[in-house]
Amino acid sequence: MAALGIAMGGRNWFSALVLGVTLLKCLLIPTYHSTDFEVHRNWLAITHSLPVSQWYYEATSEWTLDYPPFFAWFEYALSHVAKHFDQEMLKVHNLNYVSAKTLLFQRCSVIFTDALFVYAVHECCKCIDGKKAGKELTEKPKFILSVLLLWNFGLLIVDHIHFQYNGFLFGLMLLSIARLFQKRHMEGAFLFAVLLHFKHIYLYVAPAYGIYLLRSYCFTANKPDGSIRWNSFSFVRLISLGLIVFLVSALSLGPFLALNQLPQVFSRLFPFKRGLCHAYWAPNFWALYNALDKVLSVIGLDDKWLGSAVPTHSPSLGDSLGHPHLYSDCHIGSRGFLRCLILCALSSFMFGWHVHEKAILLAILPMSLLSVGKAGDASIFLILTTTGHYSLFPLLFTAPELPIKILLMLLFTIYSISSLKILFRKEKPLFNWMETFYLLGLGPLEVFCECVFPFTPWKLTYSFLPLLLTSVYCAVGITYAWCRLYVSVLTNPPASKTKKQ
């Protein structure tokens, strides 16, 4: 700890933050892990033991391979390291296999691959304006942003307790954002294309990338008022972007196209036969819809009008393309692009098909970059993050993890609020009385769910009640944050017009 303190006082503060969070991740190795642990063990076994032609057909386990090919090759690469730890984990028929060496390998593989996330955070910090920097290190926007990303509570519990590989994937996304901030458009486009072939959930934000690159890269000049100079369009640049997408897609999907297996791959990637909502309702519009539907049915009111509103297809990508902000706001620069990206991610979370609660991180992490720029964005970030992070609590339902998740969230939330309040201390308060009251309500909700409900007679007949209350209560906060973000996008004038005025 003394060494960390010395490093924090010098130029090595970023390394100290990385070292500190890495040590914390190591301490979390023996904690509870979810079925996702078995999912990834099974994928290690599939890619290691079977030929490529069988990867997307193998169904011995219910946890079939349903990520894009780049992630399958990632598992294949990991499996050649895993065989030096425990060969048994690489056998397809060893369902639910767990050993001390298997646990150590899989946990360490997540920690090791987080190196890409660390590098991406470092690059993002270079893109942050330091005009608001205080005299103290802890008051500098770059320092605050580093903590908000490296020590993000949601990412810690989802990857290093629950178990997933989101760290390096978000690293790819943040690195692509950083490259666009640095006007290295081709690199940013390449990184995002690669990311899509690792995990297709990032299709949610593809419209923001496509329109921003078209507007800021393919059009090479603007009029004095900031609008498009139509005769500046470069077909060469458009073709170069298309070539990047084509080559990456060919590398990823080519082998399966040659095997005539693309329909099978896509059927695994897009299982539309699943229901509108996940087993645990993600805190979005559909959670509020389902709760209202249930209330109406219980009190005996006619709820047929609600049934007619249920979609028959996934609205996520279509809704993103339809947002007016994509066309009106992307021309104001990289920060406008970032705002559009976040709104695409959050809108898809709000209205998407079969959304998982963990998908809220797709909006929270990039929102961290905006939070250190403006007080209004900081306020939205704090409401979204606090509510979104609390909605992840049901993922860790075992008793030993209860104090861990409460302590880690309290530490992250207190730091986030206090650091951003200090950064914007010369501006109006970040919360009004209504927002403060709502956020404080998370405390009594947690006490009821963890301490009161287990000792009530409702536990047997209404075991789902804590999940229902958590989902609906958090859906209110996330919906509010989405509305505020949407209004801010539509009402904030473009930078060029502001300067002109």
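Predicted model, so just to flag it, every value in this text is computed and none were measured.

Thresholds applied
- Residues numbered from 1 in each chain as written.
- Predicted model: local features only at pLDDT ≥ 70, side-chain atom pairs only at ≥ 80, totals over all residues.
- Heavy atoms only, no water.
- Helix = DSSP H or I, 4+ residues; strand = E, 2+ residues; numbered from the N terminus.
- Buried < 20%, exposed > 50% of the residue type's maximum accessible area, 1.4 Å probe, protein only.
- Areas by Shrake-Rupley, 256 points an atom, 1.4 Å probe, with all protein chains shown as cover.
- Salt bridge = Lys/Arg side-chain N within 4 Å of Asp/Glu carboxyl O.
- Contact = heavy atoms within 4.5 Å.
- pLDDT = per-residue confidence, 0-100.
- Core = buried A, V, L, I, M, F, W, Y, C linked by side-chain atoms within 4.5 Å.
- Patch = residues over 30% accessible without salt bridge, like charges linked within 9 Å, V, L, I, M, F, W, Y side chains within 5 Å.
- Axes fitted to C-alpha atoms, helices over the stretch in contact; angles between N-to-C directions.
- Parallel < 35°, antiparallel > 145°, perpendicular 65-115°, else oblique.
- Left-handed = near helix turned anticlockwise from the far one by under 90°.
- Nonpolar A, V, L, I, M, F, W, Y, C, P; charged D, E, K, R; others polar.

A. Local environment of the overall build of the protein. Looking only at helices and strands, the protein has 26 helices and 0 strands in total. Looking at the protein as a whole, 54% of its 501 residues are labelled buried. Total accessible area on the protein is roughly 22900 Å²; 68% of this is exposed by carbon and sulfur atoms.

B. Seen up close, the pattern of salt bridges. This model, assessed by the stated rule, comprises 12 salt bridges. In this structure, the salt-bridge partner of Glu123 is Lys126, at a minimum N-O distance of 3.0 Å. Taken together, the positions of Glu123 and Lys126, both in helix H6 (residues 115-126) and 3 residues apart, correspond to about one turn of that helix. Here Glu123 and Arg179 are joined by a salt bridge, their closest N and O atoms 2.9 Å apart. Taken together, the residues Glu123 in helix H6 and Arg179 in helix H9 (residues 166-181) connect sequence positions 56 residues apart. A relative accessible area of 5% means that Glu123 is categorised as buried.

C. Seen up close, the side chain of Ser368. Along the chain, Ser368 turns up in helix H19 (residues 361-371). Of the residues examined, Ser368 reaches a relative accessible area of 0% and is grouped as buried. Each residue touching Ser368, except ones within four places of it in the same chain, is listed here: Leu145, Leu148, Leu149 and Phe381.

D. The environment of Phe381, seen in detail. The residue Phe381 is located in helix H20 (residues 375-390) in this model. Put simply, Phe381 and Ile364 are 17 residues apart on the chain and 7.2 Å apart in space, counted from C-alpha to C-alpha. Every residue in contact with Phe381, bar those within four places of it in the chain, is listed here: Leu148, Ile364, Met367, Ser368, Ser371 and Leu420.

E. Looking closely at unusual backbone geometry. Not every positive phi belongs to a glycine, and Lys183 is a case in point at roughly 65°. Mapped onto the secondary structure, Lys183 falls in the loop between H9 and helix H10 (185-196). With a relative accessible area of 52%, Lys183 lands in the exposed category. In this model, Asn260 sits at a positive phi of 60°, which is unusual for a non-glycine residue. Here Asn260 falls in the exposed class, since its relative accessible area comes to 64%.

F. Broad picture of the confidence of the model for the protein. Here the protein averages 87 in pLDDT, while 87% of its residues score no lower than 70. Counting contacts from residues 1-7, a segment whose pLDDT is below 50, to residues more than four positions away or on other chains yields 6 contacts. Contacts from residues 312-322, a stretch scored under 50 in pLDDT, to residues over four places away or in other chains number 22 contacts.

G. Broad picture of the nonpolar core. Core analysis: the largest hydrophobic core is formed by 148 residues, its most contacted members being Ile177 and Leu420. With 12 residues, the top contributor of residues to this core is helix H18 (residues 334-351).

H. Broad picture of a nonpolar patch on the surface. Judged by side-chain polarity, Leu214, Phe235, Leu238 and Ile239 come together as a nonpolar surface patch covering roughly 400 Å² of accessible area. It is helix H12 (residues 235-258) that provides the largest number of residues to the nonpolar patch, a total of 3 residues. Within the element layout of this structure, Phe235 appears in helix H12.

I. Here's a closer look at the packing of H9 against H10. The interhelical angle for the contact between H9 and H10, taken along N-to-C directions, is 160°, at an axis separation of 7 Å. Considering their axes alone, H9 and H10 lie roughly antiparallel with respect to each other. Once H9 is placed against H10, the crossing between them reads as left-handed. Facing Leu169, Leu172, Met173, Leu175, Ser176, Arg179 and Leu180 of H9, the residues of H10 in contact are His185, Glu187, Gly188, Leu191, Phe192, Val194 and Leu195. Residues that form the contact of H9 with H10 fall into these classes: 9 nonpolar, 3 polar and 2 charged.

J. Expanded view of the environment of Pro271. If you trace the backbone, Pro271 turns up in the loop between helix H13 (262-269) and helix H14 (285-298). C-alpha of Pro271 to C-alpha of His354: the two residues are 83 residues apart in sequence and 9.6 Å apart in space.

K. How the structure looks around the environment of Val18. As for its position among the elements, Val18 is in helix H2 (residues 13-27). Overall, Val18 belongs to the buried group, its relative accessible area being 16%. Along the backbone, Val18 and Val118 are 100 residues apart, and their C-alpha atoms lie at a distance of 7.3 Å. The contact partners of Val18, leaving out residues within four places of it in the chain, are Val118 and Leu150.

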